[in-house]
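Secondary and tertiary structure notes
The chain contents come next:
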Amino acid sequence: MKKYISLLLLVVLQALLIQTVRAQDKMNIVRSDMSRINAKLGTMMNYNPLYEHKGNYLTADSGYLYKNEIGQEFFEAFGNVVITQPSGTLIYADHLHYNASAQLAKLTGNVKMEDRNSVLTTNYLTYNLRSKIGTYTGGGRIISQNDTITSRNAYYFENTGDAYFRHKVVVRTPSVKVFTDTMRYNGITKNTYFFGPTNIKGNKNENLYTERGVYNTATGVAYFNKENLYTEGSKFLKSDSLYYDRASGVGQAFRNVVFVDTLDKFYAYGGKGVYKSEDESILMTDKPYIVTVIKNEQDSTAQDTLQQANPIEKPVVNKKDSKKGDNKKKNGKEKKIEEHSLTEENSEITDESKEIKVEAKVDSAYLTADTLFSKMILVKDYKPLNLNLDRNGGQVLEDADEDYGDEDDINTPPATQEGTPIEDKGSAAAEVKPTQAPVTKTTPKPVGKPPILNPDEDRKHIAHTLKADSILRQQAEIPKEGHADSVINEALRVAQKEDTTPKVKDSTYTVSDTARTRIVKAYYNVRLYKSDLQAVADSAFYAMQDSMFRFMGRPMIWAEDSQISADTIYMQIVNQQLDNAVLVNNAFMVNAVADSTKFNQLKGRRITAFFKNNNIEKLFVDGNAENLVFSVNERTNRITEMFHDRGARIKVTLENRKIIDYITIKNIDQKVYPVTMINAENEVLPGFIWRPQDRPKSKEDLLNRKRELPKDEEKTETKENNIETEESSDEG
């Protein structure tokens, strides 16, 4: 009996609970201008009614209530539908179907929703008044202050200000346009989050591409961390992680950084990079390197470019004069010494050989340093070096030294943004801390019937914008996955392609005041690698205006068995080919003799080499010029004698990589030493140095190994490290 009584009480309680819930779900009519009852349908039509439901007010030109078989209440409204929520949010539409129990509204026809953060317009909106979540799937737009976002599908969360957009998403702001297929947007913080291929196009034709990241439409700050690419005109910057500040025009890139300028045929790689749009500069660190394309008329790997600079074969010398150790030319006249190995057979160049055309090949020169910096400057501000080069030799260098110093100060590398070093902040998405705009509290609108929109003007405006948005989405070009790779690869292809544009400058040619050119500066541990040429220095400078390389701070260059060194070395590229090289102060050329510990040597205050098809054509050694050459018996492969030549100038002319002319000018002193008289004192010239250990062996070696420090600097560095260690120990 007790069991049945308990069951009866439970049924009664459930019935009471259902009645209570239904009472709470019931819609209350506040007022109506007129009502009409349809006895057949069991409905009552109200005209200009105002209904209240759980704090929400619903009004329309007309509407009626009805219930389904289980007692759920529905409201159907027509014409000038307005929903007013306690938060102040207003929703307008032409038609409304409202499920009171679920608080789910389905609005159609010129729908407009206004809240404290944004305005949403569409033709079909599903909105839950309880969770405040809205959805449209047939196209619509959201306007949040200066941001206008249109898409085919969207989910809007009023409480958090978040909106998720899908399919043909287009964002328009005063400064950018965004094109993507998947995006999250927060109307409070103005942060846009991307989860697929996205283009952010600026008003100056600059573009940011990413496949994952966040961009703030108010501040213009972006954090990207997947397949990122920044494009500005002919400049391209790609990286694994990218930070960009549109206001300052500064972008910071991390890991696998690639920078390309297709106009200047310039491209660089590194682990970290900072780009500034103001001066179009790029600062690269963490194993950075740039690539310069050099055209070879012949296979460069089969040649020894610098070896040609050393007259290996001994010139014919008057034996009688050589014994006296004095073979000077009187009255300052030139004395020409014929090379005894030059025969009529190898000196002749037939007409047939002149007609042979060797297909040009392209070789890449890699330049690296601890820090690489490049920027654009006005051509009128660039001061080219005047080395007074003359392919005929020009005036013989007198005793007084000439200053060939570089006016451009490159002793201190440029600072990064605000003078602080770049730091890899890791994954951008994991560390993004979007700027949180202050949330302003909106005073709720007074409860009651809100003002009705101007029907004609608003419907016309909404219809017009929805139609325009539909066309905009149809025309929108949404990028595809892998877009960054395809663009950067095409940019590299263009940068590597030979420029066939004729560069003819006649007497009427003038440089525009706005013309710009690129300069490159390399700091600390500079290394260069080319298949037939390698170099090291403490710092380097390169200007595209005259294609001049300047190596400073213990510079050395190698090719095959040859090494050159000086206080400063200049190399100039013309039409993608090596045109000339100048060694200034303590100039030295060394060539290892095969199967021997001896070295052919050429030294002077200045050495000038002129090239043709990347081969030395003429060589001038000035200022106490000296040449030391060992003669080798070809049959026994043994050294037979040593030739020592001194003068004010030594001039060498080559053709087909053979010496055809050798001239010593002024203050001539020539000696021949038999092998028995060669000793440790006379077999090397003053200032001789040979450091093959500093030479880069490959592109990989170029990036992973630095040159050895001189013993004095090495000791200083070790001492400094010891002092730092002791100080750290004392602090501990």
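Everything quoted here is computed from the prediction, not taken from an experiment.

1. Quick look at the overall build of the protein
In terms of helices and strands, the protein carries nine helices and 43 strands. Across the 732 residues that make up the protein, the buried fraction comes to 50%. Here the analysis covers contacts within the protein between residues at least 6 apart in sequence; of these, 54% occur between residues at least 24 apart. Approximately 37500 Å² of the protein is accessible, and the part contributed by carbon and sulfur atoms is 50%.

2. Some details on the pattern of salt bridges
Enumeration over the complete set of coordinates arrives at 25 salt bridges. Note that aspartate 261 is salt-bridged to arginine 518, the shortest N-O span being 3.0 Å. One end of the pair, aspartate 261, is in strand 25 (residues 250-261); the other, arginine 518, is in strand 32 (residues 516-530), and 257 residues separate them in sequence. A salt bridge links arginine 554 to aspartate 538; the shortest N-O distance between them is 3.3 Å. With arginine 554 in the loop between strand 34 (548-552) and strand 35 (556-559) and aspartate 538 in strand 33 (residues 533-543), this residue pair connects regions lying 16 residues apart in the sequence. The class for arginine 554 is partly exposed, based on a relative accessible area of 28%. The exposure class assigned to aspartate 538 is partly exposed, which follows from its relative accessible area of 28%. What emerges from the salt-bridge pattern is a single network uniting Lys235, Asp261, Asp264, Glu280, Arg516 and Arg518.

3. Digging into the nonpolar core
Leu96, Leu107 and Phe165 are the most contacted members of the largest nonpolar core, which has 95 residues in total. Contacts of leucine 96, omitting those with residues within four sequence positions, involve Leu58, Phe75, Glu76, Ala77, Val81, Ile83, Ala105, Lys106 and Leu107. Tyr209, Tyr269, Ala495 and Leu702 belong to the second-largest nonpolar core, a separate cluster that totals 19 residues.

4. Focus on the confidence of the model for the protein
For the protein, mean pLDDT is 78; residues scoring 70 or higher make up 73% of the total. Taken together, the stretch residues 400-410 has pLDDT below 50 and engages in 25 contacts with residues farther than four places along the chain or on a different chain. pLDDT under 50 marks residues 417-449. Its contacts with residues more than four places away, or in other chains, come to 53 contacts.

5. What about the pairing of strand 32?
With 12 of its 15 residues buried, strand 32 lies for the most part within the structure. Sheet topology note: the strand 31 (residues 371-378)/strand 32 ladder contains eight bridges and is antiparallel. Considered in strand 32, the bridge of phenylalanine 373 is made with lysine 521. As paired elements, strand 32 and strand 33 share 10 bridges and run antiparallel to each other. Across the sheet, alanine 522 pairs through a bridge with alanine 540, a residue of strand 33. Between the end of strand 32 and the start of strand 33, which pair antiparallel, lie two residues.

6. So, the environment of phenylalanine 194
Within the secondary structure, phenylalanine 194 sits in strand 17 (residues 191-194). Judged by its relative accessible area of 1%, phenylalanine 194 falls in the buried class. Residues contacting phenylalanine 194, with those up to four places away along its chain left out, are Val178, Thr180, Thr182, Met183, Ile200, Thr210, Glu211, Arg212, Gly213, Tyr215 and Phe224.

7. Re the pairing of strand 34
Taken across its five residues, strand 34 has five buried, putting it largely inside the fold. In strand 34, alternate side chains face the same way, and those of Met548, Arg550 and Met552 on one face and Phe549 and Phe551 on the other are all buried. Across five bridges, strand 33 lies against strand 34 in antiparallel orientation. The partner of serine 539 across the bridge, within strand 34, is methionine 552. As judged from the five bridges shared by strand 34 and strand 37 (residues 568-574), these two strands associate in the antiparallel manner. In the sheet register, methionine 552 faces strand 37, and the bridge partner there is threonine 568.

8. As for the packing of aromatic side chains
The full count for this structure, using the stated rule, is 21 aromatic pairs. Ring geometry for tyrosine 269 against tyrosine 289: centres 4.9 Å apart, planes inclined by 20°, an arrangement best described as stacked. A residue pair is termed long-range when its members are at least 10 positions apart, and tyrosine 269 in strand 26 (residues 266-276) and tyrosine 289 in strand 28 (residues 289-296) qualify at 20 residues. Of the two residues, tyrosine 269 and tyrosine 289, both sit in the buried class. Ring geometry for phenylalanine 599 against tryptophan 690: centres 4.8 Å apart, planes inclined by 50°, an arrangement best described as tilted. With phenylalanine 599 in strand 39 (residues 599-612) and tryptophan 690 in the loop between strand 43 (669-674) and helix 8 (699-704), this residue pair connects regions lying 91 residues apart in the sequence. For phenylalanine 599, a relative accessible area of 14% puts it in the buried group. On the basis of relative accessibility, which here comes to 27%, the residue tryptophan 690 falls in the partly exposed class. Above the face of the tyrosine 193 ring, arginine 184 is positioned so that its terminal group lies 4.3 Å from the ring centre.

9. Side note on helix 7 (residues 483-496)
An α-helix turns once every 3.6 residues. As a result, residues three or four positions apart point the same way. The end-to-end C-alpha distance of helix 7, which contains 14 residues, comes to 20 Å, matching closely the 20 Å that a straight helix rising 1.5 Å per residue would cover. Where helix 7 is buried, its residues meet strand 19 (206-210), strand 22 (228-232), strand 23 (235-239), strand 25 and strand 26.

10. Considerations on unusual backbone geometry
If you check the backbone angles, arginine 255 has positive phi at about 65° while not being a glycine. Within the secondary structure, arginine 255 sits in strand 25. The phi dihedral of asparagine 667 is positive, around 50°, even though this residue is not glycine. Tracing the backbone shows asparagine 667 in the loop between strand 42 (658-665) and strand 43.

11. A few points about the environment of alanine 648
Counting through the fold element by element, alanine 648 comes out in strand 41 (residues 638-655). Classification of alanine 648 as buried rests on a relative accessible area of 10%. The sequence separation of alanine 648 and glycine 623 amounts to 25 residues, and the corresponding C-alpha distance is 5.5 Å. Other than its neighbours up to four places away in sequence, alanine 648 contacts Val396, Val621, Asp622, Gly623, Asn624, Ala625, Ile665, Lys666 and Asn667.

12. Some thoughts on the side chain of histidine 53
Assignment of secondary structure puts histidine 53 in strand 4 (residues 50-53). Polar contacts involving the side chain of histidine 53 include one to the side chain of tyrosine 98, which spans 2.8 Å.

Reading guide: rules and limits
Residues numbered from 1 in each chain as written. Predicted model: local features only at pLDDT ≥ 70, side-chain atom pairs only at ≥ 80, totals over all residues. Heavy atoms only, no water. Helix = DSSP H or I, 4+ residues; strand = E, 2+ residues; numbered from the N terminus. Buried < 20%, exposed > 50% of the residue type's maximum accessible area, 1.4 Å probe, protein only. Contact = heavy atoms within 4.5 Å. Areas by Shrake-Rupley, 256 points an atom, 1.4 Å probe, with all protein chains shown as cover. Salt bridge = Lys/Arg side-chain N within 4 Å of Asp/Glu carboxyl O. Core = buried A, V, L, I, M, F, W, Y, C linked by side-chain atoms within 4.5 Å. pLDDT = per-residue confidence, 0-100. Pairing = 2+ DSSP bridges. Phe/Tyr/Trp six-rings, centres within 6.5 Å; stacked < 30°, edge-to-face > 60°. Lys NZ or Arg CZ within 6 Å of the ring centre and 35° of its normal. Expected span 1.5 Å × (residues − 1). Polar contact = N/O pair within 3.5 Å; in protein donor to acceptor, adjacent residues only side chain to side chain.

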